[in-house]
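# Results of the structural survey
Below, each chain spelled out in residue letters.
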Amino acid sequence: MAFNIKDFGAQYSGDYARPNLFEVTIGGYASKMYVKAATLPSATVGVIEVPYMNRKLKVPGDRTYVDWTCTVMNDESYGMRFNLLEWQKGITGISEFTSSLNVGEAHKVIEIQPYTRDGKGKKGVAQVYGWPSEIGTIDMSWETPDAIQEYTVTFAVSWDSAGIAGENGKMAALGG
């Protein structure tokens, strides 16, 4: 069978999704994050091997969620960075070592919104629920005069919206 580029192009209707057309929002914050790089989070279902007469039956296990990391471009007000640090402070405190947020409040909806080339969003593609476990460093140097400050943020993800989220992204599992 010979390769035919016309056949390849004709089998696909529409356009291909572009990795650079997206935005990230966090529930409860009016401003969007200036995210330079992100991923659509992975979904993993564990495997339970059940032995039977020298064979193993693979049974679906629990769904697990990996941490989600994104690269944020910093603005001069450090607005989102301060919001993230305050969020962490509410979870663990700083000097008092007390939490002002319960588990349901510590988790927020993080939506990764891909767009088509005509600017239309694909709602519900990726919504995860988590909190910032690590807010990365910001490298500063006199040798980089023509660069934008950026840092990574790692979110501990407890669940995603697949079959769990109710109306308006509220979570029944934690009463949110």
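Further up the page is the structure itself.
My aim in this report is to walk through the structure given alongside it, one point at a time. (Residues numbered from 1 in each chain as written. Predicted model: local features only at pLDDT ≥ 70, side-chain atom pairs only at ≥ 80, totals over all residues. Heavy atoms only, no water.)

Quick look at the pairing of strand β4 (residues 55-64) now. In terms of burial, β4 is largely open, as just zero of its 10 residues are buried. The loop that links strand β3 (residues 44-52) with its antiparallel partner β4 comprises two residues; one of these, M53, has a positive phi angle of about 45°. (Buried < 20%, exposed > 50% of the residue type's maximum accessible area, 1.4 Å probe, protein only. Helix = DSSP H or I, 4+ residues; strand = E, 2+ residues; numbered from the N terminus. Pairing = 2+ DSSP bridges.)

Considering all chains together, one arrives at three salt bridges under this definition. The closest approach of N and O atoms between D160 and R63, which form a salt bridge, is 2.9 Å. Pair noted here: D160 is in strand β8 (residues 150-160) and R63 is in strand β4, with a separation of 97 residues, a long-range link. A relative accessible area of 34% places R63 in the partly exposed class. Of the charged contacts, one joins D118 and K120 as a salt bridge, the two residues approaching to 3.9 Å between their closest N and O atoms. (Salt bridge = Lys/Arg side-chain N within 4 Å of Asp/Glu carboxyl O.)

What follows covers unusual backbone geometry. You will see that N54, though not glycine, has its phi angle at about 65°, which is positive. By the secondary structure assignment, N54 is in the loop between β3 and β4. Relative accessible area serves as the criterion here: at 75%, N54 is assigned to the exposed category. At Y78, a residue that is not glycine, the phi angle is positive and equals roughly 55°. Mapped onto the fold, Y78 is located in the loop between β5 (68-73) and α2 (79-92). According to the relative accessible area criterion, Y78 is partly exposed, its value standing at 24%.

A few words now on the nonpolar core. Core analysis: the biggest nonpolar cluster contains 22 residues, and M33, W68, C70, L84, Y151 and F155 have the highest contact counts within it. In contact with F155, other than residues within four places in its own chain, are I26, D67, W68, C70, L84, W87, I110, W131, P132 and S133. (Core = buried A, V, L, I, M, F, W, Y, C linked by side-chain atoms within 4.5 Å. Contact = heavy atoms within 4.5 Å.)

With that settled, the discussion passes to the sheet that holds strand β7 (residues 126-135). One open sheet accounts for six strands, arranged β1-β6-β7-β8-β5-β2; its pairing is antiparallel. Edge positions in the sheet fall to β1 (22-26) and β2 (35-37), since each of these pairs with one other strand and no more. On average, each strand axis in the sheet is inclined to that of its neighbour by 45°, with strand direction left out of account. The sheet contact formed by β1 and strand β6 (residues 108-114) spans five bridges and is antiparallel. Bridge pairing in β6 links T25 to E111. (Axes fitted to C-alpha atoms, helices over the stretch in contact; angles between N-to-C directions.)

Moving on to the side chain of R81. On the secondary structure map, R81 appears in helix α2. No salt bridge is formed by the buried R81. Its closest oppositely charged neighbour is E134, at 9.4 Å. Once residues lying within four places of it in the same chain are set aside, the contact partners of R81 are N74, I135, G136, I138 and Y151. (Lys, Arg positive; Asp, Glu negative; His and termini not counted.)

So, about the pairing of β7. Of all 10 residues in β7, seven are buried, a share of seventy percent or more. For β6 and β7, the ladder comprises five bridges, and the chain directions are antiparallel. Bridge pairing in β7 places I110 opposite V128.

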